[in-house]
Amino acid sequence: MRVLVGTADAVAVGFNVPVAELLSSADLARHKQLSALGPDLLGGTFDAADALKRIRAHGRDAIGDVLLNQRVIAGIGNVFKSEILFLAGIDPFTPADALSDGQLQRIVTVAREQLAANVLDRSQTLSPAVGRRTTRSLDPREKLWVYGRGGKPCRRCGSMVQSRKTGVDARLTYWCPRCQRI
């Protein structure tokens, strides 16, 4: 089953949704789980300082796992986690507290850029690619840098892209060991 929920400002798509709770806009502010979400990367009131503070609060956790925590920053899923960290040049297993403020800011900046680019209507881009895309390649077969490319050559340097299950839900993480050394 596919669920599509939308408002004038946003649309959400979910697959295999066991329970869906529909709320009025008045109920949103009072909803316990929704009010605990981190800042929305595409929100008009996005607060980068709050996002960095929330990331720092996860000290020894791997940055890849931190980015999937919607209470830290809302909006990054598994595909974009791997792609954002590739573009930022950050190893997904680096502890959050081992990264400098500049590196964390770079991650947040790349995340905002990538998510914003991926909500554009196809008429607003030159790319014929459908779905998630991060490479900006006009070739629809080259949409992503590392995600789903374990064991294949990195599009940038030619090294073999690695993959490993990580985190509580054992989600696959993809990275290039040469391009993501930090």
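As shown above, the structure is provided for reference.
Just so you know, these numbers come straight off a predicted model, no measurement behind them. (Residues numbered from 1 in each chain as written. Predicted model: local features only at pLDDT ≥ 70, side-chain atom pairs only at ≥ 80, totals over all residues. Heavy atoms only, no water.)

1. Some thoughts on the nonpolar core
If you look at the biggest cluster of nonpolar residues, it comprises 33 residues, and the most contacted ones within it are Leu41, Ile55, Ile63, Ile76, Phe86 and Ile107. Mapped onto this core, the elements with two or more residues apiece are helix 3 (48-56), helix 4 (63-68), helix 5 (78-88) and helix 6 (101-117). Excluding its chain neighbours within four sequence positions, the residues that come into contact with Ile55 are Ile63, Val66, Val72, Ile73, Ala96, Leu104 and Val108. (Core = buried A, V, L, I, M, F, W, Y, C linked by side-chain atoms within 4.5 Å. Buried < 20%, exposed > 50% of the residue type's maximum accessible area, 1.4 Å probe, protein only. Helix = DSSP H or I, 4+ residues; strand = E, 2+ residues; numbered from the N terminus. Contact = heavy atoms within 4.5 Å.)

2. Remarks on the packing of helix 5 against helix 6
Look at helix 5 against helix 6: their axes get within 9 Å of each other, and the N-to-C directions meet at 125 degrees. Taken as axis vectors, helix 5 and helix 6 run oblique relative to one another. For the pair helix 5 and helix 6, the crossing hand works out as right-handed. Along its contact with helix 5, which presents Phe80, Ile84, Leu85, Leu87 and Ala88, the element helix 6 presents Arg106, Ile107, Val110, Ala111, Gln114 and Leu115. Here the contact of helix 5 with helix 6 is built from residues that sort into nine nonpolar, one polar and one charged. (Axes fitted to C-alpha atoms, helices over the stretch in contact; angles between N-to-C directions. Parallel < 35°, antiparallel > 145°, perpendicular 65-115°, else oblique. Left-handed = near helix turned anticlockwise from the far one by under 90°. Nonpolar A, V, L, I, M, F, W, Y, C, P; charged D, E, K, R; others polar.)

3. Side note on the pairing of strand 3 (residues 162-166)
Pairing geometry for strand 3 and strand 4 (residues 171-175), over five bridges, is antiparallel. Residue pairing across strands places Gln162 opposite Trp175, the latter belonging to strand 4. Where strand 3 folds back onto strand 4 in an antiparallel hairpin, the turn is made up of four residues, including Gly167, whose phi is positive at roughly 75 degrees. (Pairing = 2+ DSSP bridges.)

4. Considerations on the environment of Arg112
Within the secondary structure, Arg112 sits in helix 6. Classification of Arg112 by relative accessible area gives partly exposed; the value is 34%. Each C-alpha atom of the pair Arg112 and Ile84 lies 9.4 Å from the other, and the pair is 28 residues apart in sequence. Setting aside anything within four residues of it in sequence, one finds Arg112 in contact with Leu41, Leu42, Gly43 and Phe46.

5. Quick notes on empty space enclosed by the protein
For the coordinates displayed, the defined rule picks out one cavity of 30 Å³ or more. The calculated volume of the largest cavity comes to roughly 30 Å³. Lining of the largest cavity is provided by Ala62, Gly64, Asp65, Lys81, Pro92, Phe93, Thr166 and Thr173. Its residues placed into classes, the lining of the largest cavity shows three nonpolar, three polar and two charged. (1 Å grid on protein atoms, 1.4 Å probe; cavity = no way out; pocket = protein on both sides within 12 Å on 5 of 7 lines; lining within 4 Å. Points joined across faces, edges and corners; volume = space filled by probe spheres on them.)

6. Some points on the side chain of Thr94
Summarising the element assignment, Thr94 is placed in the loop between helix 5 and helix 6. A polar side-chain atom of Thr94 sits 2.9 Å from the main-chain carbonyl oxygen of Ile182. With sequence-adjacent residues up to four places away left out, Thr94 is seen in contact with Asp61, Ala62, Ile63, Leu99 and Ile182. (Polar contact = N/O pair within 3.5 Å; in protein donor to acceptor, adjacent residues only side chain to side chain.)

7. Looking at helix 3
Every α-helix carries 3.6 residues per turn, so stepping three or four residues along brings you back to the same face. Along helix 3, the positions that sit buried rather than exposed are Asp50, Ala51, Leu52 and Ile55. At its buried positions, helix 3 is contacted by helix 4 and helix 6.

8. Concerning the packing of helix 3 against helix 6
One way to put it is that helix 3 packs onto helix 6 with a least axis distance of 10 Å and a crossing angle of 115 degrees. Crossing of helix 3 over helix 6 shows right-handed handedness. Packed against helix 3, whose contacting residues are Ala48, Leu52, Ile55 and Arg56, the element helix 6 presents Asp101, Leu104, Gln105 and Val108 at the interface. Residue composition of the contact of helix 3 with helix 6, grouped by class: five nonpolar, one polar and two charged.

9. Re unusual backbone geometry
Here Ala170, not a glycine, exhibits a phi torsion of approximately 50 degrees, which is positive. Counting through the fold element by element, Ala170 comes out in the loop between strand 3 and strand 4. Of the residues examined, Ala170 reaches a relative accessible area of 39% and is grouped as partly exposed.

It is worth stressing that arrangement in space is one thing and function is another; only the former is reported here.
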